Amino acid sequence: MKAAYITGHGGNEVVEIGNRPDPARQPGEVLVKLHAATLNRVDLYMRDSGAGITHRLPQIMGLDGMGVVEEMDASEKILSVGQRVLVHPAVVCGRCEFCQRGDIVLCTKVSYLGEHRDGTLAEYVSVPAANVFPMPDKLAPDEAASLGVTYLTAWRMLFTRAQLKPWETVLIFGVGGGVSLAALQLAKLTGATVIVTSRDDEKLKSATTVGADHVINSAAQDVAKRVMEITAGRGVDVVIENVGQAVWSSAMKSLVRGGRLVTCGATTGDQPPADIRRIFIRQLQIIGSTLGNFNEFRNLINFADKTSLRPIISARYTLDDVHAALDHLDSGRQFGKVAINIADH
């Protein structure tokens with residue numbers, strides 16, 4: 001089968017597009033013929049470094065994916081051959097204490113597609129049946145694939161970890177990136193007031209068309225000061241951020257007393273000043289979050305099916321053009337997801 005895979009680390013020259021063996025479906029697994037996938041920041045990390053992630057080369061890239069069921073166990077009762085489905089990227093043990101209580105994102109033996117095992121930038125992938133979900137019919141293949149990482153991550157951050165309410169105000173850093181844009185869309189569809197930041201005026205203009213109530217150019221404005229102006233000195237109930245060190249101080253200062261900051265990344269550094277005095281005096285909550293569990297994915301899919309949510313695709317490439325797609329993501333020019341078309345559909 002055709003696939004995009006890494007043969008080493010250190011740039012586009014280690015990413016090859018060529019033939020790899022078809023996955024051997026094991027009992028309890030579902031073989032999915034993939035139609036579309038989208039790129040995520042971890043794809044760049046695997047290309048450029050991969051440090052700290054246990055994997056064997058060559059490694060097929062890609063975390064999320066949409067396709068159709070090609071083969072499954074005869075005993076499978078929920079799925080059917082030919083059905084359009086989405087793939088959840090976390091393959092878990094099902095036996096540790098965290099899996100047993102339904103918190104699979106904390107599984108002690110989790111392996112992620114595209115990181116620890118072959119991923120979705122290929123014509124086929126085989127995963128446990130628990131990782132395969134029927135997709136909303138109204139979404140295009142690449143829109144649906146987008147739900148599997150960035151929208152799922154934003155869903156957990158907003159609704160499980162932050163417990164965002166419709167009457168609250170949320171500040172989202174770095175709109176235009178996948179998780180931040182997903183958070184904007186999801187928060188607006190549930191009725192919250194949304195403030196977004198970016199260093200790019202064009203992205204801020206686009207965010208306004210998506211529904212942002214207020215925009216802040218973080219290159220030209222003091223974010224915390226502007227937030228206080230917008231909120232009449234109160235601050236926001238929730239901060240969503242995946243930038244890390246560069247925005248941490250502004251994020252903390254933007255919160256109302258008792259507010260919640262949820263973080264899922266540290267692209268600018270992971271050692272910001274703790275500001276412990278502010279945390280305990282104002283009783284702030286600092287909450288970590290990654291991806292989302294199976295039930296959260298199911299709820300997100302149902303939400304997409306019953307609302308006007310349409311994931312935003314910034315650019316579309318074929319599997320043969322993966323190098324250009326990775327460069328596009330790396331450039332930071334995108335507003336939305338960079339999608340990969342894998343098969344005709």
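Check the entry above for the structure.
The notes below deal with the structure included here.

Calculation notes
- Every chain is numbered on its own, with residues counted from 1 as its sequence reads.
- Local features in this predicted model are restricted to residues whose pLDDT is 70 or higher, and side-chain atom pairs enter the listing and the counts only when it is 80 or higher, whereas totals over whole chains, interfaces and linings include all residues.
- Heavy atoms from the whole structure form the basis of all side-chain values; hydrogens and water molecules are not counted.
- Numbering of helices and strands runs from the N terminus; a helix is a DSSP stretch of H or I covering at least four residues, while a strand is a stretch of E covering at least two.
- The quantity called the radius of gyration is restricted to C-alpha atoms. Its globule counterpart is 2.2 Å times the number of residues to the power 0.38.
- We call a residue buried when its accessible area falls under 20% of the maximum for its residue type, exposed when it is over 50%, and partly exposed in between, using a 1.4 Å probe and counting protein chains only.
- Pairs of residues are marked as contacts when any of their non-hydrogen atoms sit within 4.5 Å.
- Note that accessible areas follow from Shrake-Rupley with a 1.4 Å probe, and for residues the cover is restricted to the protein chains shown.
- Lining residues are defined by having an atom within 4 Å of a point belonging to a cavity or pocket. Those points lie on a 1 Å grid over the protein atoms alone, cavities being sets where a 1.4 Å probe fits but cannot get out and pockets being open sets with protein on both sides within 12 Å along at least five of seven lines.
- Grid points are joined across faces, edges and corners, and a volume is the space filled by probe spheres set on the points.
- Each residue gets one label: Ala, Val, Leu, Ile, Met, Phe, Trp, Tyr, Cys and Pro are nonpolar, Asp, Glu, Lys and Arg are charged, and the others, such as Gly, are polar.
- Strands are treated as partners if at least two bridges between them are detected by DSSP.
- Fitting a line to C-alpha atoms yields each axis, with helices limited to the stretch in contact; the angle taken between N-to-C directions then spans 0 to 180 degrees.
- Roughly parallel means an angle under 35 degrees; roughly antiparallel means over 145; roughly perpendicular covers 65 to 115; every other angle is labelled oblique.
- Should the near helix be turned counterclockwise from the far one by less than a right angle, the crossing is left-handed, whereas a clockwise turn marks it as right-handed.
- By convention in these notes, a salt bridge is any Lys or Arg side-chain nitrogen within 4 Å of a carboxyl oxygen on Asp or Glu.
- Pairing of aromatic rings covers Phe, Tyr and the six-membered ring of Trp, with a centre-to-centre limit of 6.5 Å; geometry is then stacked below 30 degrees between planes, edge-to-face above 60, and tilted otherwise.

### Structural notes on the overall build of the protein
- When helices and strands are tallied, the protein shows 10 helices and 18 strands.
- In terms of overall size, the protein behaves like a compact globule, its C-alpha atoms giving a radius of gyration of 20 Å where 345 residues would be expected to give roughly 20 Å.
- Across the 345 residues of the protein, 54% fall into the buried class.
- Summarising the internal contacts of the protein: among those between residues at least 6 apart in sequence, 69% fall at separations of at least 24.
- Summing over all exposed atoms, the protein offers an accessible surface of approximately 14,600 Å²; the carbon and sulfur share of this is 48%.

### Details of the layout of surface pockets
- Space inside the largest pocket adds up to approximately 1,600 Å³.
- In terms of lining, the largest pocket is formed by 49 residues, of which the most central are Arg41, Val179, Asn242, Gly265 and Thr267.
- Elements with a minimum of two residues in the lining of the largest pocket: helix H1 (41–48), helix H3 (141–161), helix H4 (178–189), strand S12 (193–198) and helix H10 (322–331).
- Looking at the lining of the largest pocket element by element, the count peaks at five residues for H1.
- Looking at the lining of the largest pocket residue by residue, the classes come out as 19 nonpolar, 22 polar and eight charged.
- The computed volume of the second largest pocket comes to approximately 380 Å³.
- Lining the second largest pocket we find 21 residues, and of these Arg56, Gln59, Ile60, Arg117 and Asp118 sit closest to its centre.
- Residue assignment for the lining of the second largest pocket shows that the elements contributing at least two residues are strand S4 (59–60) and strand S9 (124–128).
- For the lining of the second largest pocket, the leading source of residues is S9, giving three residues.

### Focus on the sheet that holds S12
- Overall, parallel pairing links the six strands, which are arranged S13-S12-S11-S14-S15-S16 in an open sheet. A strand with exactly one partner marks an edge of an open sheet, and here the two such strands are strand S13 (214–217) and strand S16 (285–288). Between one strand axis and the next, the sheet turns through 20° on average, direction left out of account.
- Bridge analysis of strand S14 (residues 236–241) against strand S15 (residues 255–263) gives five bridges, and the strand direction is parallel. By the bridge assignment for S15, isoleucine 240 is matched with valine 262.
- Along the sheet, helix H6 (residues 223–230) makes contact with strand S11 (169–172), S12, S13, S14 and S15, crossing S13 at roughly 160°.

### Quick notes on the packing of H3 against H4
- Running from N to C, H3 and H4 cross one another at 55°; their axes reach a closest spacing of 8 Å. Here H4 runs oblique to H3, going by the angle between their axes. Relative to H4, H3 is oriented so that their crossing is right-handed. Contact residues: H3 offers Thr150, Tyr151, Thr153, Ala154, Trp155, Met157, Leu158 and Phe159, while H4 offers Gly178, Val179, Ala182, Ala183, Gln185, Leu186 and Ala187.

### Quick word on the pattern of salt bridges
- Inspection of every chain in the model, using the stated rule, returns 16 salt bridges.
- Note that arginine 47 is salt-bridged to aspartate 327, the shortest N-O span being 3.5 Å. Linking arginine 47 in helix H1 with aspartate 327 in helix H10, this pair joins segments that are 280 residues apart in sequence.
- Residue classification places aspartate 327 among the partly exposed residues on the basis of a relative accessible area of 39%.
- The partner of lysine 188 in a salt bridge is aspartate 213, with the nearest N and O atoms 2.9 Å apart. Of this pair, lysine 188 sits in helix H4 while aspartate 213 is found in the loop between helix H5 (201–210) and S13, placing the two residues 25 residues apart along the sequence.
- By sharing partners, the salt bridges in this structure join Arg47, Asp48, Asp327 and Asp330 into a single network.

### Details of the packing of aromatic side chains
- Taken as a whole and assessed by the stated rule, the structure comprises four aromatic pairs.
- Judged by centre distance (6.0 Å) and plane angle (50°), the ring pair of phenylalanine 133 and phenylalanine 294 falls under tilted. Here phenylalanine 133 is found in strand S10 (residues 132–134), whereas its partner phenylalanine 294 is found in helix H9 (residues 294–306), with 161 residues between them in sequence. We note that phenylalanine 133, like phenylalanine 294, is buried.
- Geometrically, the ring pair formed by tryptophan 155 and phenylalanine 159 is edge-to-face, given 4.8 Å between the ring centres and 70° between the ring planes. Of this pair, tryptophan 155 and phenylalanine 159 are both found in helix H3, four residues apart, which corresponds to roughly one turn of the helix.
- In this structure tryptophan 155 comes out as buried when scored by relative accessible area, which is 11%.
- On the basis of relative accessible area, phenylalanine 159 is assigned to the buried category, the value being 17%.

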